[in-house]
Structure formats: C-alpha cells, structure tokens
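Residue strings, one per chain:
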Amino acid sequence: MSANFTLNGRDIIVVGGAGYIGSHVCKMIASTGGNPITFDNLSSGHAHAVKWGPFIKVDVRDRSALDIAFTDWEHVQTVVHLASSIEVGIGEKQPAEFYENNVTGALNLLNAMRKTKADQLIFSSTCAIYGETENMPLVESEPKNPFSTYGKTKLAIEHMIQSFQNAYGLNYVTLRYFNASGADAEGEIGEEHDPETHLIPIAIQSAMGSGRKMKIFGTDYDTPDGTCIRDYIHVTDIARAHIDAIRAFDQGLKTAEVNIGTGQGVSNLEILETIKRVTKLPLPYEPAPRRAGDLTRLYADAREAKSILRFEPCHSDLENIIRTAWQFHRSKKI
Ligand code: UDP
C-alpha cells in the first residue's frame, strides 16, 4: 500500500491509457498527484475514458509516430505499457496481427524509450504466459509454456524487456495480471469491450436482460462444482499495483516480475451466484461445451508482489467486484 506516497506532479506515459485497465491506472496516477499522459490508438479504448491528463493518438505499430510522441515527452522517466490485442480467440485466427500489435508494438516502444529519458517500464503481462500446469497457486518461477497466441506474444515481450535490461539498463516491473474485474467505485470508468467475451460483464448483461442467455463453458471440470476456477482481482487494485511499482523504482528496484492476483480461486458458478445475490436479478444460464484453451484452475501465489512491491489487494472481495461492475453497467444502460 502507498497511502502517503505522492507522485508530486510527475508526468507518466500510459500507453493504452484509454482502455479498461489503462483508464483506471490513469485515474490512480492522478489521485496520487501525478499527470498521466495517455498514448492510445483508440482501436479498443475509448476517448471518453481519458479524463485525467493529455491524450495523444498514436499507434504503437507506427514506429516513426511513436518516436515523435516520445520525443515530445522526452523528460518522462516512467512508462506504463498496456496497449495490446487481448482477445484470445482472435489471436488464434489472426496471429500475424497479434504479433505485430503486441510484439512489434512493444519493440517500437522500447526503441522509442531509448531515445529519451524513459528508463523505467511497467509492463502489463498475464497469467496466460504460464500455460498448462496443475501447480496452484502459481508461483512466478513456474515454467512458461503458453499455448495461446496471446500468451506467447506476452512472453515474447517479457523476454525482449529482459534483453533490453541486460544490454541497455532498462528498469522494469512486469505485472502478470490474473482476471481483471470490477469497475471504478465512482462509476466513471469500467469494462467496455466490443465484443465482450469475459464472464462477469457477460453475466451481468444477461442478468440485466440483454436477451442473451448465459452459457457456461464446461460443467464437467474436475472442480467442486464442475466449472473452471479463476482468480478475480479488482481493476482498482491492479491500478494500485502500478503506483506501488513506481514507488519501488524510487526506492531502488531495478527489475521484478510479479503475479497480480488475490491468491483466491473462485468458480464460474460462484460468480453467477454472487451476481444473483448482489443484483437480486434472475440469471438463467445453460451448460455449454468447454471453451478451447481454458485451463481448469488458475490462481496466483500473491506473495512476491507483497514482498517486492508491498502490494496488497483491498478492493477484491467478490461482492465488491460484482457491485462495482454492476453499478457501471447500469449507468451505461440508463
Ligand atoms: N466463461 C463462460 N461463459 C462466458 C464467458 C466465459 O463460461 O460467456 C468462462 C470461461 O470459459 C472461463 C471463465 O469463464 O472458464 C473466465 O473466462 P474469461 O473469458 O472471463 O477470462 P479468462 O480466464 O479466459 O481470461
């Protein structure tokens, strides 16, 4: 936690700052006394989610445009990189686009940083880099064997960052997010993907009468209720982890790779039950075949983030996740 830490007017570049997690990071930077500079191409982010600092429309695939944008902000030391393609299913069908946006985009970004004073990177990685394993909770040293193109691109970027650290002295904190969820408590920003593929927003939309009957992908898993288990972490806690990383840089941290999760596994049916309880709405669902690529269970060993970054989730109890997500979806409908 970083209650007394202040960014003292510091400019921080947030690449992908118009997206779901990025906009929460920007809000957290602003509320910690900093100035978030959003770089985003708005391919999946939203201009209306950029509320706490300047916006520069730039695409990470456009190397020269990115170089110019960085040169315009050449005094900035700290960069948060969240811009990437994230829809796992699309990655399997369009790997060329995924590698170009994620891997080439990250390479362009690292090269642009080398031309300025930016020598601290906070990179948003994912638990999808670990791949198939039964070893839960997942520790950071678990072998990395991602099976989705999405996970492969994120792991390739992690390797690239490590090489840049070795050769050019880049300082970095890689945050391996588990399941980002929930929304800003003040209802200003939330999860707005199109198309939406994630469990919680789909289930809330279905409870709110989207006309779409909820499908639960796989009810025959080897878990207590037969459905998959995930580690849901509130997006405000994820945003806080970025501030904790900046503070750790200030205190001398050079490199870290940490899981950002709660350490608690929750099943898909437990999510639906909580949504029913919080919203007091019926939530009809039907069992559907397993979704390709889904692991049975995934939850973090969260101790490294606590010891290295002093990060501890405090918004991630399931009711709060569902309540804030529901509040956001309701406000969008009105
Ligand atoms: N899921 C589901 N129905 C949906 C969307 C997701 O049953 O309409 C399941 C999915 O198969 C997985 C869990 O919900 O077991 C979490 O999926 P999500 O896409 O939200 O996140 P992921 O863990 O894949 O990053």
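It should be emphasised that the depicted structure is a prediction, and the values quoted were computed from it without experimental measurement.

## Details of the site of the ligand
Residues in contact with the ligand amount to 15 residues; listed here are only the nearest, Leu199, Lys215, Arg230, Arg291 and Asp294. Side-chain polar atom of Asn268 to an oxygen atom of the ligand: 3.1 Å apart, as the coordinates give it. With the chains in place, 87% of the 510 Å² that the ligand exposes on its own is no longer accessible. Secondary structure elements with two or more residues in the shell around the ligand: helix 6 (199-207) and strand 8 (214-217). With four residues, strand 8 is the single largest residue contributor to the shell around the ligand. Of the residues that constitute the shell around the ligand, the class distribution is seven nonpolar, four polar and four charged.

## Some details on the packing of helix 2 (residues 63-72) against helix 4 (residues 95-114)
It is the contact of helix 2 with helix 4, at a shortest axis distance of 9 Å, that shows an interaxial angle of 35 degrees. At the point where helix 2 passes helix 4, the crossing takes the right-handed sense. For the pair helix 2 and helix 4, the contacting residues are Arg63, Leu66, Asp67 and Phe70 in the first and Asn108, Leu109, Asn111, Ala112 and Met113 in the second. Looking at side-chain class alone, the contact of helix 2 with helix 4 contains five nonpolar, two polar and two charged residues.

## Re the packing of aromatic side chains
Enumeration over the complete set of coordinates arrives at two aromatic pairs. Here the aromatic rings of Phe39 and Phe70 are separated by 5.4 Å at their centres, their planes lie at 85 degrees, and the arrangement is edge-to-face. Pair noted here: Phe39 is in strand 2 (residues 35-40) and Phe70 is in helix 2, with a separation of 31 residues, a long-range link. Here the aromatic rings of Phe164 and Tyr168 are separated by 5.0 Å at their centres, their planes lie at 75 degrees, and the arrangement is edge-to-face. Here Phe164 and its partner Tyr168 are both found in helix 5 (residues 149-168), four residues apart, which amounts to about one turn of the helix.

## So, the sheet that holds strand 1 (residues 11-15)
Reading across from one edge, 3-2-1-4-5-6-11 is the order of the seven strands in this open sheet, with parallel pairing throughout. At either margin of the open sheet sits one strand with a lone partner, and together these are strand 3 (55-57) and strand 11 (255-260). Sheet twist, expressed as the mean angle between neighbouring strand axes with direction ignored, is 20 degrees. Where strand 1 and strand 2 come together, five bridges link them in parallel fashion. Bridged to Ile13 within strand 2 is Ile37. On the sheet, helix 5 packs against strand 5 (120-126), strand 6 (171-177) and strand 11 and is oriented at approximately 155 degrees with respect to strand 5.

Definitions and cut-offs
Sequence order as written defines residue numbering, which begins from 1 separately in each chain. Residues qualify for local features only when their pLDDT is at least 70, as the model is predicted, and side-chain atom pairs are given and counted only at 80 or more; totals for whole chains, interfaces and linings, by contrast, use all residues. Note: side-chain values were computed over all heavy atoms of the structure, leaving out hydrogens and water. Only a single heavy atom is needed: when it lies within 4 Å of a molecule or strand, its residue is near that molecule or strand. Contacts described as polar in this section are N or O atom pairs within 3.5 Å, which, within protein, must combine one atom able to donate a hydrogen with one able to accept it, while residues neighboring in sequence count only if both atoms come from side chains. The Shrake-Rupley method, run with a 1.4 Å probe, gives the accessible areas here. Residue values count only the displayed protein chains as cover. Numbering of helices and strands runs from the N terminus, with a helix taken as a DSSP run of H or I at least four residues long and a strand as a DSSP run of E at least two residues long. Amino acids are sorted into nonpolar (Ala, Val, Leu, Ile, Met, Phe, Trp, Tyr, Cys and Pro), charged (Asp, Glu, Lys and Arg) and polar (every other residue, Gly among them). Here the axes come from fitting lines to C-alpha atoms, over the contacting stretch only for helices, and the angles between their N-to-C directions go from 0 to 180 degrees. Each crossing gets its hand from how the near helix is turned against the far one by less than a right angle, where anticlockwise is left-handed and clockwise is right-handed. By the convention used here, residues are in contact when the closest approach between their heavy atoms is within 4.5 Å. We call Phe, Tyr and Trp rings a pair once their centres come within 6.5 Å, taking the six-membered ring for Trp, and we label the pair stacked below 30 degrees between planes, edge-to-face above 60, and tilted otherwise. Following DSSP output, two strands are said to pair if at least two bridges run between them.

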